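Given next are the chains, with one letter for each unit.
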Amino acid sequence: MLRLIVGTVLLSAWPAVAAPPATLEGNWTTSTLTPYARPRAFTTLIVPEDQARAFERQRRGKPPEAAVDDVGGEDTDWWETDVPLARVRGQARSSWIVAPADGRVPFTAEAQAGNRARQARTSSDFSGPEVRPEGERCLASAAPPLQSVGANDGFQILQTPSAVVIRVERVNGPRIVRLDRSAHGPEAIRTQDGESIGWWEGRTLVVDTRNFANPTIVTAAAEDRSSMRVIERFTRTGPEELHYAFMLSNPGRYTGPVQGEMVFRASAAPLFEVACHEGNYSLANILAGARVQEGERDRPK
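On a predicted model such as this, the values are computed, not experimentally measured, just so you know. For every chain, the first residue of the written sequence is number 1, and numbering continues from 1 onward in sequence order. In keeping with the predicted nature of the model, local features appear solely for residues at pLDDT of at least 70, side-chain atom pairs appear and are counted solely at 80 or more, and the whole-chain, interface and lining totals rest on all residues. Hydrogens are left out, water is left out, and the side-chain values use all remaining heavy atoms of the structure.

Enquirer: I'd like a description of the overall build of the chain, backed by residues and values.
Expert: Broken down by element type, the chain carries four helices and 13 strands. The buried share of the chain, reckoned over its 301 residues, is 43%. Whether two residues are in contact is decided by their heavy atoms, any of which lying within 4.5 Å being enough. Expressed as a percentage of contacts within the chain between residues at least 6 apart in sequence, the contacts between residues at least 24 apart total 63%. Where accessible areas are quoted, they stem from the Shrake-Rupley method and a 1.4 Å probe; at the residue level, only the protein chains shown are allowed to cover. Total accessible area computed for the chain in this model is approximately 15,800 Å², and 55% of it derives from carbon and sulfur atoms. Helix and strand assignments come from DSSP, with helices taken as H or I runs of at least 4 residues and strands as E runs of at least 2, each series counted from the N terminus. Per-residue accessibility, obtained with a 1.4 Å probe over protein chains only, is compared with the maximum for each type, and a residue is labelled buried under 20%, exposed over 50%, and partly exposed between these values.

In structure tokens, the structure reads:
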């Protein structure tokens, strides 16, 4: 039976005496064919093994379903796709999200309308770099929850007595989880990755992150995080395995909390630098192309 993450447990008070920390250190990978939210190809969280194997034969070695076959839209040499669906407790999974039951983020009607409006703006507003999405501007974030995006899905955990450091391969800066049992700072002080404070519950590291700064431009993929709170649980379950669970809430954007879990695998591969800005001509070319289109549109017929 699926064991859901209970919000009251995740949000429980810190223990009076911290247990000795477990060893979470090492390199890990989140690379899997299982996406964060459930794709339309599946109707259940647990995928029957025959259906899972058929899906893997069809998808392995190919770009994600969201890839667009336009100029530069399908980077077949870049996606890490030679991986199966994730297995959690031996069962193939269709999504990281385990609740709500449909495996998707429960946006409110107002948030859905806002998402559509922002997507339309992204397709039409090329007035300058400030209005373009963060991905085009190489402003990637290591904000939780951890996910798999199909490329550069490695991460590294380092531990000290006072902090846990999480390095995510696809972004530049590390995420630092303080273990000093201090309270979160004032809401007026916000960062892109939020403020993470952690504590040990037995051999599980629990991390509470809040005080997120909003992206420069809020899109459906980089949503309004001003009210978001994320609780994560990291548990070492074996020499080659790390169980990861999370719960996030975003009042005003979600109709209820989102819960998820995944198993991360140990990796012998190092983390590679993702130097997004080096030789990156994309944003300049996007804006230059928009100026050409404007000139053609304004030219007298």
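We are not done yet, so read on.
Enquirer: Please give an account of the packing of aromatic side chains that cites residues and values.
Expert: Only Phe, Tyr and Trp rings take part, Trp by its six-membered ring, and two of them pair if their centres are within 6.5 Å. Stacked means planes under 30 degrees apart, edge-to-face means over 60, and tilted covers everything else. Considering all chains together, one arrives at eight aromatic pairs under this definition. Each ring, one from Tyr36 and one from Phe246, has its centre 5.9 Å from the other, and the planes form 20 degrees; the classification is stacked. In this pair, Tyr36 is assigned in the loop between β1 (26-29) and β2 (46-47) and Phe246 in strand β12 (residues 241-249), connecting sequence segments 210 residues apart. In terms of burial, Tyr36 and Phe246 fall into one category: buried. Taking the centre distance of 5.1 Å and the plane angle of 75 degrees together, the rings of Phe155 and Phe264 count as edge-to-face. With a gap of 109 residues between them, Phe155 in strand β6 (residues 154-159) and Phe264 in strand β13 (residues 258-266) connect regions that are remote in the sequence. Taken individually, Phe155 and Phe264 each receive the classification buried, so the pair is uniform in this respect.

Enquirer: Go over the pattern of salt bridges, please, and point to the residues and values.
Expert: A side-chain nitrogen of Lys or Arg and a carboxyl oxygen of Asp or Glu constitute a salt bridge if their distance falls within 4 Å. Throughout the structure, instances matching the rule amount to 15 salt bridges. Where Glu56 meets Arg87, a salt bridge forms, and the shortest distance between an N and an O atom there is 2.5 Å. Of this pair, Glu56 sits in helix α2 (residues 49-59) while Arg87 sits in strand β3 (residues 87-88), placing them 31 residues apart in sequence. Owing to a relative accessible area of 6%, Glu56 belongs among the buried residues under this scheme. A salt bridge links Asp125 to Arg121; the nearest nitrogen and oxygen atoms lie 3.4 Å apart. By relative accessible area, Asp125 is classed as buried at 19%. In the salt-bridge network here, residues are joined through shared partners; they are Glu49, Arg53, Glu56 and Arg87.

Enquirer: If you had to explain the nonpolar core to someone new, which residues and values would you point to?
Expert: Remark: nonpolar core denotes a set of buried residues (Ala, Val, Leu, Ile, Met, Phe, Trp, Tyr, Cys) joined through side-chain atoms within 4.5 Å. Formed by 37 residues in total, the largest nonpolar core has its most connected members in Phe155, Ile157, Leu205, Phe234, Leu242, Leu248 and Phe264. Once you skip the residues sitting within four places of it in the chain, Phe264 turns out to touch Trp28, Thr29, Thr30, Trp96, Leu146, Phe155, Glu240, Glu241, Leu242 and Tyr244. The next biggest cluster of nonpolar side chains, apart from the first, holds eight residues, and it includes Leu33, Val47, Val83 and Ala92.

Enquirer: Lay out the sheet that holds strand β4 (residues 91-93) in plain terms, naming residues and giving numbers.
Expert: A pair of strands is treated as paired once DSSP finds two or more bridges between them. Across the sheet, three strands lie side by side as β2-β4-β3; this open sheet has antiparallel pairing. In the strand order of this sheet, the two ends are held by β2 and β3, each with one partner. Sheet topology note: the β2/β4 ladder contains two bridges and is antiparallel. By the bridge assignment for β4, Val47 is matched with Ala92.

Enquirer: Outline unusual backbone geometry, supporting the account with residue identities and numerical values.
Expert: Looking along the chain, the bond that leaves Ala99 and enters Pro100 is cis, with omega of 10 degrees. Not every positive phi belongs to a glycine, and Arg89 is a case in point at roughly 50 degrees. Residue position: Arg89 is located in the loop between β3 and β4. With a phi angle near 60 degrees, Asn211 is a residue other than glycine that sits in the positive phi range. With respect to the element layout, Asn211 can be found in the loop between β10 (204-210) and β11 (229-238).

Enquirer: How would you summarise the environment of Asn280 if you had to cite specific residues and measurements?
Expert: Along the polypeptide, Asn280 turns up in the loop between β13 and α4 (282-298). Judged by relative accessible area, Asn280 falls into the partly exposed class, the value being 24%. Each residue touching Asn280, except ones within four places of it in the same chain, is listed here: Glu136 and Cys138.

Enquirer: I'd like a rundown of α2, residues and numbers included.
Expert: Of the positions making up α2, those classed as buried are Ala52, Phe55, Glu56 and Arg59. On an axial view of α2, the arc spanned by its buried residues comes to 100 degrees, and they lie on one face. For α2, the exposed residues set more than 90 degrees away from the buried face come down to Asp50 and Arg57. The inward-facing, buried residues of α2 abut β2, β3 and β4. It is the directions from the helix axis to the C-beta atoms whose arc is reported.

Enquirer: Which residues make up the environment of Leu205, and what values do they have?
Expert: Structurally, Leu205 is set in strand β10. Judged by relative accessible area, Leu205 falls into the buried class, the value being 1%. Spatially, the C-alpha atom of Leu205 lies 9.9 Å from that of Thr23, the residues being 182 residues apart in sequence. Residue contacts for Leu205: discarding those within four places in its chain leaves Leu24, Val164, Leu179, Trp199, Trp200, Glu232, Arg233 and Phe234.

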